[in-house]
Amino acid sequence: MSELLRNIDGRTKLAGTNKLEILMFTLGLDSRTGRCETFGINVFKVREVMRVPPITHAPEMPGSVEGMVSLRGVLVPVIDLAKYTGVQTDMKPGIMVVTEYNGHTQGFLVEAVDTILRLDWASMRVPPEMLNAQMGGLVTAVTELADGRLVMMMDVEKVLAETGHFNDDLALKTVKPLGVADRTVFFADDSAVARKQIVGALDAMQVNHISAINGRKAWEELQKIASYAESAGIPVSDMVQVILTDVEMPEMDGYMLTRKIKEDRRFDNIPVLMHSSLSSESNQQLGKAVGVDEYVPKFEPKKLSQTLARLLTRNRKD
């Protein structure tokens, strides 16, 4: 286990290259399908991997939340991913993957961890509709290995949102209308949960929005918008005032999308706001290195709306 931890540590140079590394894991043989599926999580979100420690069970927890563990004096919720995903297995989880993202720490119980795999985001595909429906929107990207196995990237933000007692409606009550007409935000995010939260914030602000489900599709749509603006003889900034992007997205990540935007002079004067669960200082610095103007962690609708309001009114024409 210590060798795996050493491999996880120190991977901070992949951002901006459209590459990622994922920790692969399994949840056990599913008696319904007779298969043992392989899942993945970005190593940037993994803090440590350990044998399952003693868990203190607590009342009134969601069914998939096993309880709490104390890690260096901090209580951390533990989620059984097999129960959460509906995998029916007799195998007991033997490993806890401690994850940290969106400013929260939680443990995921899994049957076993496999290895760390380095991939290009271009090899990660949007999941087919049938798989998406079967997994309840839990998978954000898929890739096929040389041995024929399918690796499914799990939407851990969705897991956190559904097990962490977050009240989006209450949070959005603090978001105020912008009070300025004809403002449009273009945003890209592969997580259905994140897209819903972004739309909620923008609707509460009474701001128009256009969306894409990954960086490649976002770049294609932005190119169309830029071409239309050119033909109409107007700047692109008259059509879109802020571009909001996630980091982790199949086919093209947010770093590569930002780099392309910043290299295209047609998008001058349009700020890029990075909105990610990878909210560590190192990730923010990596974003700035490719030209990101601002950085807001996910699950903070008030901060997101305040930052958007400032950017949307910064260069407003009277």
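Residues numbered from 1 in each chain as written. Predicted model: local features only at pLDDT ≥ 70, side-chain atom pairs only at ≥ 80, totals over all residues. Heavy atoms only, no water.

**Q** Provide a residue-level description of the pairing of strand E7 (residues 104-110), including the pertinent values.
**A** Burial analysis of E7 places five of its seven residues in the buried class, which makes it a mostly covered element. Of the pairings in the sheet, the one linking strand E6 (residues 95-101) to E7 comprises seven bridges and is antiparallel in character. Opposite Val97, over in E7, you have Phe108 as the bridge partner. Hairpin connection of E6 to E7: two residues between the antiparallel strands, including Asn102 at a positive phi of 55°. (Buried < 20%, exposed > 50% of the residue type's maximum accessible area, 1.4 Å probe, protein only. Helix = DSSP H or I, 4+ residues; strand = E, 2+ residues; numbered from the N terminus. Pairing = 2+ DSSP bridges.)

**Q** Any details on helix H8 (residues 254-263)? Residues and values, ideally.
**A** Those residues of H8 that fall on the buried side of the exposure criterion are Gly254, Tyr255, Met256, Leu257, Thr258 and Ile261. The backbone nitrogen of Tyr255 lies 3.3 Å from a side-chain oxygen of the residue at the head of H8, namely Asp253. (Polar contact = N/O pair within 3.5 Å; in protein donor to acceptor, adjacent residues only side chain to side chain.)

**Q** So what about the pattern of salt bridges? Which residues, and what values?
**A** Close approach of charged atoms lets side chains of opposite charge pair. The full count for this structure, using the stated rule, is 22 salt bridges. We note a salt bridge from Glu48 to Arg47, for which the minimum N-O separation is 3.8 Å. Assessed through its relative accessible area of 13%, Glu48 is described here as buried. Notably, a salt bridge pairs Lys262 with Asp293, separated by 2.7 Å at the nearest N-O pair. Here Lys262 is found in helix H8, whereas its partner Asp293 is found in the loop between helix H9 (281-289) and strand E15 (294-297), with 31 residues between them in sequence. For Lys262, a relative accessible area of 34% corresponds to the partly exposed category. When its relative accessible area of 37% is taken as the criterion, Asp293 is described as partly exposed. Beyond isolated ion pairs, a larger network of salt bridges with shared partners links Lys45, Glu157, Asp189, Asp246, Glu248 and Lys298. (Salt bridge = Lys/Arg side-chain N within 4 Å of Asp/Glu carboxyl O.)

**Q** Can you break down the sheet that holds strand E11 (residues 184-188) residue by residue, with the values?
**A** Judged by pairing direction, the sheet is parallel, and its five strands sit side by side in the order E12-E11-E13-E14-E15 without closing on themselves. Looking along the sheet, the strands with just one partner apiece sit at the ends: strand E12 (208-212) and E15. Recorded for the sheet is a direction-independent mean angle of 20° between the axes of neighbouring strands. Bridging between E11 and strand E13 (residues 242-245) involves four bridges; their strand directions are parallel. Among the inter-strand pairings, Phe186 is bridged to a residue of E13, identified as Ile243. (Axes fitted to C-alpha atoms, helices over the stretch in contact; angles between N-to-C directions.)

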